[in-house]
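This is what each chain is made of:
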Amino acid sequence: MGQGDDDDIPPPVPHLVVSGDLYNESGLGVILCEVNRHQLTDPEISEPISNLGVALLDRVVWFPQTWLREHVGDLHPDRHDHVKRVVRNLVGND
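K.L.:
Mind laying out the overall build of the protein, listing which residues take part and the relevant values?
P.N.:
Counting its regular elements, the protein contains two helices and four strands. Secondary structure elements of the protein, listed N to C terminal, follow the sequence β-α-β-β-β-α. Split into buried and exposed, the 94 residues of the protein put 26% on the buried side. Partitioning the contacts of the protein with sequence separation of at least 6, the portion at a separation of at least 24 is 46%.

Set out below in structure tokens:
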């Protein structure tokens, strides 16, 4: 590889884990929402993540746990129930 080849590789997109501890510990994988580093204005489907941007709660993905490279950020414990409720409503799981 020549110098500058790494510039062609986009940086990894940060994610917020939204699956619960029991699911995460099962080894099935992890359910995540993409974090956008730019502040979006739709508060209904986004959640601010301190110093990172906003989690896009309508962009849910599943990753094997081995794909997680780094710990991105934490929600304040008071926000867990709200995020869980919004994600469940978006995916149609009450």
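K.L.:
Tell me about the pairing of strand S2 (residues 30-36), and please be specific about residues and values.
P.N.:
Every regular strand shows the same layout, with side chains that alternate between the two sheet faces. Across the seven residues that make up S2, a large majority, five, are buried. In terms of strand pairing, S2 meets strand S4 (residues 53-63) through six bridges, oriented antiparallel. By the bridge assignment, Ile31 is partnered in S4 with Trp62.

K.L.:
Give a description of the sheet that holds S2 that names residues and reports values.
P.N.:
Spatially, the four strands line up as an open sheet ordered S1-S2-S4-S3, and their pairing is antiparallel. Strands with a single pairing partner mark the edges of an open sheet, and in this sheet they are strand S1 (15-17) and strand S3 (46-49). On average, adjacent strands in this sheet sit at an angle of 45° to one another, irrespective of strand direction. Bridge analysis of S1 against S2 gives three bridges, and the strand direction is antiparallel. Bridge pairing links His15 to Glu34 in S2. Its contacts with the sheet place helix H2 (residues 80-91) against S2, S3 and S4, and it is angled at close to 55° to S4.

K.L.:
Before we move on, could you go through the pattern of salt bridges and cite the residues and values that matter?
P.N.:
Within the structure shown, the criterion is met by three salt bridges. Across the pair Glu34 and Arg59 runs a salt bridge, and its minimum N-O distance is 3.5 Å. Highlighted residues: Glu34 in strand S2 and Arg59 in strand S4, separated in sequence by 25 residues. Overall, Glu34 belongs to the partly exposed group, its relative accessible area being 24%. The salt bridge partner of Lys84 is Asp81, with a shortest N-O separation of 3.8 Å. Linking Lys84 with Asp81, this pair stays in helix H2, spanning three residues, or about one helical turn.

Cut-offs used in this document
Residues numbered from 1 in each chain as written. Predicted model: local features only at pLDDT ≥ 70, side-chain atom pairs only at ≥ 80, totals over all residues. Heavy atoms only, no water. Helix = DSSP H or I, 4+ residues; strand = E, 2+ residues; numbered from the N terminus. Buried < 20%, exposed > 50% of the residue type's maximum accessible area, 1.4 Å probe, protein only. Contact = heavy atoms within 4.5 Å. Pairing = 2+ DSSP bridges. Axes fitted to C-alpha atoms, helices over the stretch in contact; angles between N-to-C directions. Salt bridge = Lys/Arg side-chain N within 4 Å of Asp/Glu carboxyl O.

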